[in-house]
Amino acid sequence: MDPAGVKMLLYTRLAPPKEPKRRSRAGNNDSHRLSLSRRLSDFGYDSDSASPPESTEVDYMFSPPDLHQSTYWNAPSPTPSYPLISPTESLFTLPDLSHAEELSEDAEDGSVAKSWTTYTAVTTVSRPTPYYPDLVMIAPCPVTSPLFEFHSPAFSEFTDRPNRRALVDHFCNILSHLIVFREESGNPFQQLVLPLTRQSSPVLNAIFALASAHLEYRGIQNEEHSLFFHNQAIQGLGRLIEQSAKSNRNEILATIMLLIYYEVLVQRGRSNLVDGHLKGALTIMCTNPEPSDSTSIFLERAFRFYDVIAALSNGRAPLSAAPTAGCLMPFPPLGAPMTSPLSNVDTLLGMATTLWPIIHRLSSIVTLKSDLQAAIWSNASASKIAVLRTELEATTQAIEAALSRWQPQLPPGFVPDEDIDEETDKTDKVHSKHLNHGSKIDVMSPTVAERSRLHSIWNNALAYRHSAFVYLYRSVHGYRRSHRAVQEHTHRSLLHCAATVKHEGPMGALLWPLFVAACEAVTEDDRGLAEQAFEKVKKRQGMRNIERAWEIVREVWERADRAESVAGAGAGVDRGSKEQEKLGNMGTGEDLWRQVSREMGVSVVFG
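Since the model is a prediction, treat every value here as computed from it, not as a measurement.

Definitions and limits used
- Residues numbered from 1 in each chain as written.
- Predicted model: local features only at pLDDT ≥ 70, side-chain atom pairs only at ≥ 80, totals over all residues.
- Heavy atoms only, no water.
- Helix = DSSP H or I, 4+ residues; strand = E, 2+ residues; numbered from the N terminus.
- Buried < 20%, exposed > 50% of the residue type's maximum accessible area, 1.4 Å probe, protein only.
- Contact = heavy atoms within 4.5 Å.
- Areas by Shrake-Rupley, 256 points an atom, 1.4 Å probe, with all protein chains shown as cover.
- Salt bridge = Lys/Arg side-chain N within 4 Å of Asp/Glu carboxyl O.
- Core = buried A, V, L, I, M, F, W, Y, C linked by side-chain atoms within 4.5 Å.
- Domains from an automatic or database assignment.
- Expected span 1.5 Å × (residues − 1).
- Arc of directions from axis to C-beta.
- Phe/Tyr/Trp six-rings, centres within 6.5 Å; stacked < 30°, edge-to-face > 60°.
- Axes fitted to C-alpha atoms, helices over the stretch in contact; angles between N-to-C directions.
- Parallel < 35°, antiparallel > 145°, perpendicular 65-115°, else oblique.
- Left-handed = near helix turned anticlockwise from the far one by under 90°.
- Nonpolar A, V, L, I, M, F, W, Y, C, P; charged D, E, K, R; others polar.
- pLDDT = per-residue confidence, 0-100.

1. Details of the overall build of the protein
When helices and strands are tallied, the protein shows 24 helices and zero strands. Expressed as a percentage of the 607 residues in the protein, the buried residues total 49%. For the protein, long-range pairs separated by at least 24 residues make up 75% of all intrachain contacts whose partners lie at least 6 apart in sequence. For the protein, the exposed surface amounts to about 30100 Å²; the carbon and sulfur share of it is 54%.

2. Some words on the pattern of salt bridges
Charged atoms that come close allow side chains of opposite charge to pair. Inspection of every chain in the model, using the stated rule, returns 17 salt bridges. Across the salt bridge formed by Arg161 and Glu224, the nearest N and O atoms sit 3.5 Å from each other. Here Arg161 is found in the loop between helix H7 (146–149) and helix H8 (162–173), whereas its partner Glu224 is found in the loop between helix H10 (201–217) and helix H11 (226–242), with 63 residues between them in sequence. Among the residues examined, Arg161 registers a relative accessible area of 35% and is labelled partly exposed. Glu224 sits in the buried class, given a relative accessible area of 12%. Across the salt bridge formed by Arg249 and Glu300, the nearest N and O atoms sit 2.6 Å from each other.

3. Considerations on the nonpolar core
Counting residues in hydrophobic clusters, the biggest one holds 140 residues, and the most contacted among them are Phe171, Ile260, Phe303, Tyr306, Trp356 and Phe534. For this core, the element with the highest residue contribution is helix H18 (residues 448–476), accounting for 14 residues. The two domains that each donate at least three residues to this core are domain 1 (154–321) and domain 2 (447–565 + 589–598). Each residue touching Ile260, except ones within four places of it in the same chain, is listed here: Val274, His277, Leu278, Phe303 and Tyr306.

4. Describing the side chain of Ser603
Considering the arrangement of structural elements, one finds Ser603 in the segment after helix H24 (592–600). For Ser603, a relative accessible area of 16% corresponds to the buried category. The contact partners of Ser603, leaving out residues within four places of it in the chain, are Gln267, Gly269, Arg270 and Ser271.

5. Comments concerning the side chain of Thr396
Along the chain, Thr396 falls in helix H16 (residues 382–405). When its relative accessible area of 4% is taken as the criterion, Thr396 is described as buried. Non-local contacts of Thr396, meaning those with residues more than four positions away in its chain, are made with Ile365, Leu472, Val476 and His477.

6. What to know about H11
If you check H11, its first and last C-alpha atoms are 25 Å apart, about what 17 residues at 1.5 Å a residue would give, namely 24 Å. For H11, the full list of buried residues reads Ser226, Phe229, His230, Ala233, Gly236, Leu237 and Leu240. Around the axis of H11, the buried residues are gathered within 130 degrees of arc, so they sit on the same side. Where H11 is buried, its residues touch H8, H10 and helix H12 (249–266).

7. Topic: the environment of Ala310
By the secondary structure assignment, Ala310 is in helix H14 (residues 294–314). Once the C-alpha coordinates of Ala310 and Val274 are considered, the two residues, 36 residues apart in sequence, prove to be 7.8 Å apart. When residues no more than four places from it in sequence are discounted, the contact partners of Ala310 are Asp275, Leu278, Arg316 and Val605.

8. Some remarks on the packing of aromatic side chains
A complete count under the given rule lists 18 aromatic pairs for this structure. Relative to Phe331, the ring of Phe298 lies with its centre 6.0 Å away and its plane at 35 degrees, an arrangement referred to as tilted. Within this pair, whereas Phe298 is found in helix H14, its partner Phe331 is found in the loop between H14 and helix H15 (356–377), the two being separated by 33 residues in sequence. Here the two residues Phe298 and Phe331 agree in accessibility, since each one is buried. With 5.5 Å between their ring centres and 10 degrees between their planes, Tyr473 and Tyr479 make a pair best called stacked. For the pair formed by Tyr473 and Tyr479, the shared burial category is buried. Taken together through their ring pairs, the aromatic side chains of Phe189, Tyr261, Phe298, Phe305, Tyr306, Phe331, Trp356, Tyr464, Tyr471 and Trp512 make up a single cluster.

9. Thoughts on unusual backbone geometry
Peptide bonds are, in most cases, trans, and in most cases residues other than glycine have a negative phi. Located in the positive-phi region is Asn379, a residue other than glycine, with phi close to 55 degrees. Tracing the sequence through the fold places Asn379 in the loop between H15 and H16. The class of Asn379 is exposed, set by a relative accessible area of 69%. Residues other than glycine seldom take positive phi values, yet Glu504 does so here, at roughly 55 degrees. A relative accessible area of 59% means that Glu504 is categorised as exposed.

10. Side note on the packing of helix H20 (residues 511–519) against helix H21 (residues 524–541)
The relative placement of two packed helices comes down to the angle between their axes together with the axis-to-axis distance. Taken N-terminus to C-terminus, the directions of H20 and H21 make an angle of 150 degrees; their axes are 10 Å apart at the nearest point. Taken as axis vectors, H20 and H21 run roughly antiparallel relative to one another. Where H20 crosses over H21, the handedness of that crossing is left-handed. Of the residues in H21, those touching H20 at Leu511, Leu514, Phe515 and Ala518 are Ala530, Ala533, Phe534 and Val537. Tallied by class, the residues present in the contact of H20 with H21 amount to eight nonpolar, no polar and no charged.

11. Points about the environment of Gln487
Topologically, Gln487 is positioned in helix H19 (residues 484–502). When its relative accessible area of 9% is taken as the criterion, Gln487 is described as buried. Between the alpha carbons of Gln487 and Ala521 there is a distance of 7.2 Å; along the sequence they are 34 residues apart. Those residues in contact with Gln487 that lie beyond four places of it in its chain are Arg481, Ser482, Glu520, Val522 and Asp526.

12. Comments concerning the confidence of the model for the protein
In this model, the protein carries an average pLDDT of 75, and 65% of its residues clear a pLDDT of 70 or more. Here residues 3–12 is modelled with pLDDT under 50, and outside its nearest four sequence neighbours on either side it reaches eight contacts, counting other chains as well. With pLDDT under 50 throughout, residues 43–139 is counted as low confidence; its partners more than four residues away or in other chains account for 121 contacts.

13. Here we look at the packing of H19 against H21
Axis separation between H19 and H21 bottoms out at 9 Å; the angle between their running directions is 35 degrees. For the element pair H19 and H21, the recorded crossing hand is left-handed. Contact residues: Gln487, His491, Leu494, Leu495, Cys497, Ala498 and Val501 in H19; Asp526, Leu529, Ala530, Ala533, Lys536 and Val537 in H21. Looking at side-chain class alone, the contact of H19 with H21 contains nine nonpolar, two polar and two charged residues.

14. With respect to H16
Over its 24 residues, H16 runs 35 Å from end to end, which matches the ideal 34 Å to within 8%, given 1.5 Å per residue. When H16 is considered as a whole, its buried residues turn out to be Ile385, Leu388, Leu392, Thr396, Ile399, Ala402 and Leu403. Its buried side turned inward, H16 meets H15 and H18.

Next comes the structure, spelled out in structure tokens:
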């Protein structure tokens, strides 16, 4: 039999010719039919042993559909010899479509090949399971889910108002990073304070107020003023306190803490709102059991920090009791690794965690000095005056000795690049050598960014130490500002402040040591260091209390220079006797900067 006859026989057995009215084109399709029979055998149809399917089924399946014939949409699908499954039940494995090119060569146009490729992909499955054959036409959806293309606005879970979402964004991405030392595994304000907003609107309003005030100081106005959010937070706080039995203790403390940050930032005249907030918070802390969760511990650490800073700023004793030596341990962020290079750094106190009990005692000594002066002025009994003087002298000597011995505890593997105290503090050299010997621990070695951050934190802690000496000699002992000890520690403190800003690390707690040392600066070099540090801190932090502090410093310099010029003392270093050392501050017994701030009508909290 000739090849043409073979082709006709195969065509006749597979599918009788269709009626002419159903064909849109004329021509010889023998080769096309032979190619189709080969493809059918691939799907399990045996042209020799099995009866061929209805011609209408094959024709509907593989010939270009006529959209005007309604039978195309309702035609049954050809059932292969193995079972099919739904695309919702199994993953589809597309077959090898290399043979589709043969089909496209036999076809008169590309529609046949397109139809073959589409339906083959639909009817090919990854594993045989007895499912209904109707599911053969269900194809996997090639369109991406709308949820992947829809992006809800950032922070939409907090509020549906765009301007308030912008405030949450500013708090999370800018403001919260400015007031902590450590956040290698997350920011504590975002980890511990922000979740409280789900149940407490006062916490959320306090965040709105703080973020809005920070933006307003930088010249960015929000649709709602910070004072509006502040009033809403105050009212909500009052309701929480009235329902203290049912309220969450952490919500109350978090609201008060955020309001303290707000008052420090705004600095509205000579206000005592910070002290009022601190008294309320400490009352709540004392009437409730010891904190057991991370949020409570973090909030109490923040209150104790501000209690001491407010006491140093306002010349009063702290409201809280002094912590015992060794009881304060660095508080890390949630999820911080145990082998972190910042393991010795507290989130709020930095490397000054072990120095803080000494600073707390220093802030309370001013009250003891005031009691002694009041007893002398009131002609109290000699025995009472003697007791108070003995207590004051013993306390100041203990504080001075503790400050002389204290050194920041550096993380393993970290050695400071510069040693500002190398001429006098030999303990720094010994400590650095010990750390250099232990710096072989690779797992603890800090990266370049961590080293820069550690340098800032280390210098910040030493600035606190030297400014504490300045405060002790000037505010307690009443030494002249030109005294050698005062100027020596002033110079070192300003060097450490300048190094802190040079490394561009955390600056949120630098204002107090910088202010105390800057007020006593005499030489042009020291005043240049102070001005440089103030400018960088003000630019980084963007808070009003920093600007007010710098205004007070410049006024102090002007008045001090004028007084020294009149007295003929000049700006040199005075090595006079103790009788000259204890003449007091401008003859009033009060720090000059306190007089200046009172006359300017402001009260600055150096936090």
